[in-house]
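The primary structure of each chain is shown beneath.
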Amino acid sequence: MLKKIIACLLILSLAVCAVSCGKKNDESSDAPEGMKSATVDGEPFELFVPMSWLGNTLSGISSATYPYTQGISVSARYISTADDLDTYLRKFHDDLEGQKGYMPIEKNADTLLGNEPAKRSTYSYVKGEESLRITYISVKRGDDIISLSFFCPASEYDNRTEDFEKIRTNFRFKEKTFADGEVIIDEDTPAGMKLASNPEIEYKFYVPTTWACSPNSGASDAYFPESEKTNVVVTSYIPPNTGRVSVEDYFKDCERQYIANFEEYTLISESPEIRKNPIEDMNMYCYTFTVKAGGETVRIMQAVFAFNQSFYTVTYTARNEAKFNEHLEDFYKILDNFCFI
């Protein structure tokens, strides 16, 4: 069960951050002593976390969780906007405070991030018996707003202050890059596509040539190179030998984790869209839903299917409805050309 939970959360944990792809090695050579990188490739910053934290870079998000207490996490993101920092924060606060459960504790206090002047805001969020403390630190650099966010149960917040401060003070800025990895075209590659998975693994995950990926990085993911990167990632899970589990039951198990770990989870349709993969002649169960964390909502489609006693999930994430619809046909093309070796 623990492996299943981790597999689910690697896909979706902190999905509200600006989505990007590419894994950065935890063992960064320039990491501060006692810390490791939790940053994905191409970001205009470097996020370091204590060695005891669990990096979530396989999710395509610069983020990490504290593994010993549920609900403690950190993430970093950036968005491109013409707004100055004050305008951005005013809109951010108005949106957040218009939602049920959010109460400001501190707004726009002066602080530093990456040794540059920044603003810090802290909110409490209450849902049922759950009480969270969320701190956002934001800075404007060029055309980007860069934000560092901490999520923690209110009862544990003081216990993790030292870790949070260590993460903040070791945060670094760098130049933003959109470098694509090696382009791999094999004999089975469909026209207009390229391989986004490592050639040595058991499946072939193709994406349109307009998407960015790093097939030799060890992560099966790709993103559309824009400031609010639309992301697709593939994960697999081998269930224990405790009887046959259907795709529907497997997704219900994952769904319980989403409900428990996000502020809001909304399933768009009770019945999944079933797509027939023409290569493998297998059904892909496509579930569409939204999740909210830190006051932001993203739209997600997960294609779940079983093959050779394993479950595979291809997850498509977009920060808003417009982006979701813009690249949906690309995602369908990715599903239709997914195949096993």
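Right above here is the structure, for reference.
Anyway, here's the lowdown on the structure attached to this text. All figures in this text were calculated on a predicted structure; none of them were measured in a lab. (Residues numbered from 1 in each chain as written. Predicted model: local features only at pLDDT ≥ 70, side-chain atom pairs only at ≥ 80, totals over all residues. Heavy atoms only, no water.)

As for the overall build of the protein
Within the protein, the regular secondary structure consists of six helices and 23 strands. A total of 341 residues make up the protein; the buried ones form 56% of that total. A separation of at least 24 residues holds for 53% of the contacts in the protein among residues at least 6 apart in sequence. In the form shown here, the protein has an accessible surface area of approximately 15,100 Å², with 48% of it arising from carbon and sulfur atoms. (Helix = DSSP H or I, 4+ residues; strand = E, 2+ residues; numbered from the N terminus. Buried < 20%, exposed > 50% of the residue type's maximum accessible area, 1.4 Å probe, protein only. Contact = heavy atoms within 4.5 Å. Areas by Shrake-Rupley, 256 points an atom, 1.4 Å probe, with all protein chains shown as cover.)

With respect to the environment of Asp86
Relative to the helices and strands, Asp86 is located in helix α2 (residues 85–97). Once the C-alpha coordinates of Asp86 and Lys140 are considered, the two residues, 54 residues apart in sequence, prove to be 9.4 Å apart.

Quick word on the nonpolar core
Judged by nonpolar contacts, the single largest core of 32 residues is most densely connected at Phe205, Val314, Phe331 and Phe338. Those residues within four positions of Val314 in sequence are excluded, and the remaining contacts are Val232, Val233, Val234, Met301, Gln302, Ala303, Phe305, Phe331, Leu335 and Phe338. Of all hydrophobic cores here, the second largest spans 27 residues; its members include Phe45, Ala64, Ala118 and Tyr157. (Core = buried A, V, L, I, M, F, W, Y, C linked by side-chain atoms within 4.5 Å.)

What about the sheet that holds strand β6 (residues 73–80)?
The strands making up a sheet associate through backbone hydrogen bonding, with each pair oriented either parallel or antiparallel. Taken in spatial order, the seven strands line up as β4-β5-β6-β10-β9-β8-β7 in an open sheet, and their pairing is antiparallel. Every other strand in the sheet has two partners, leaving β4 (54–55) and β7 (102–113) as the edge strands with one partner each. Taken together, the 10 bridges between strand β9 (residues 130–141) and strand β10 (residues 144–153) define a ladder with antiparallel strand orientation. Each bridged residue has a counterpart across the sheet, and for Thr135 the counterpart in β10 is Phe150. Helix-sheet contacts for α2 involve β6, β7, β8 (116–127), β9 and β10, and the interaxial angle to β9 is about 160°. Running over the sheet, helix α3 (residues 161–169) touches β6, β7, β9 and β10 and is turned about 165° from β10. (Pairing = 2+ DSSP bridges. Axes fitted to C-alpha atoms, helices over the stretch in contact; angles between N-to-C directions.)

Some points on the side chain of Ser124
Along the polypeptide, Ser124 turns up in strand β8. Here Ser124 falls in the buried class, since its relative accessible area comes to 17%. Those residues in contact with Ser124 that lie beyond four places of it in its chain are Gly101, Tyr102, Met103, Ile105 and Leu132.

Overview of the pairing of β8
Pairing of β7 with β8, which is carried by nine bridges, proceeds in the antiparallel orientation. Its bridge partner being in β8, Leu112 is matched across the sheet by Pro117. Counting the residues that bridge the hairpin from β7 to β8 gives two residues, and of these Gly114 lies at a positive phi of roughly 60°. Examined bridge by bridge, β8 and β9 share nine bridges and lie antiparallel to one another.

Focus: the environment of Pro239
Checked against the element boundaries, Pro239 lands in the loop between β17 (231–237) and α4 (247–261). Taking C-alpha positions, Pro239 is 6.7 Å from Ser310, a pair spaced 71 residues apart along the chain. When residues no more than four places from it in sequence are discounted, the contact partners of Pro239 are Gln309, Ser310 and Phe311.

Looking at α2
Taking 1.5 Å of rise per residue, 13 residues should cover 18 Å, and α2 covers 18 Å from first to last C-alpha, within 8% of that figure. On its buried face, α2 is in contact with β6, β7, β8, β9 and β10. (Expected span 1.5 Å × (residues − 1).)

Section: the pattern of salt bridges
Within the structure shown, the criterion is met by 15 salt bridges. Of the charged contacts in the structure, one is a salt bridge between Asp163 and Arg160, with a shortest N-O distance of 3.4 Å. A residue is classified by how much of its surface remains accessible, and Asp163, at 13% relative accessible area, is buried. Given the relative accessible area of 14%, Arg160 is considered buried. Where Asp281 meets Lys276, a salt bridge forms, and the shortest distance between an N and an O atom there is 3.7 Å. Salt bridges linked by common partners bring Asp186, Asp188 and Lys204 together as one network. (Salt bridge = Lys/Arg side-chain N within 4 Å of Asp/Glu carboxyl O.)

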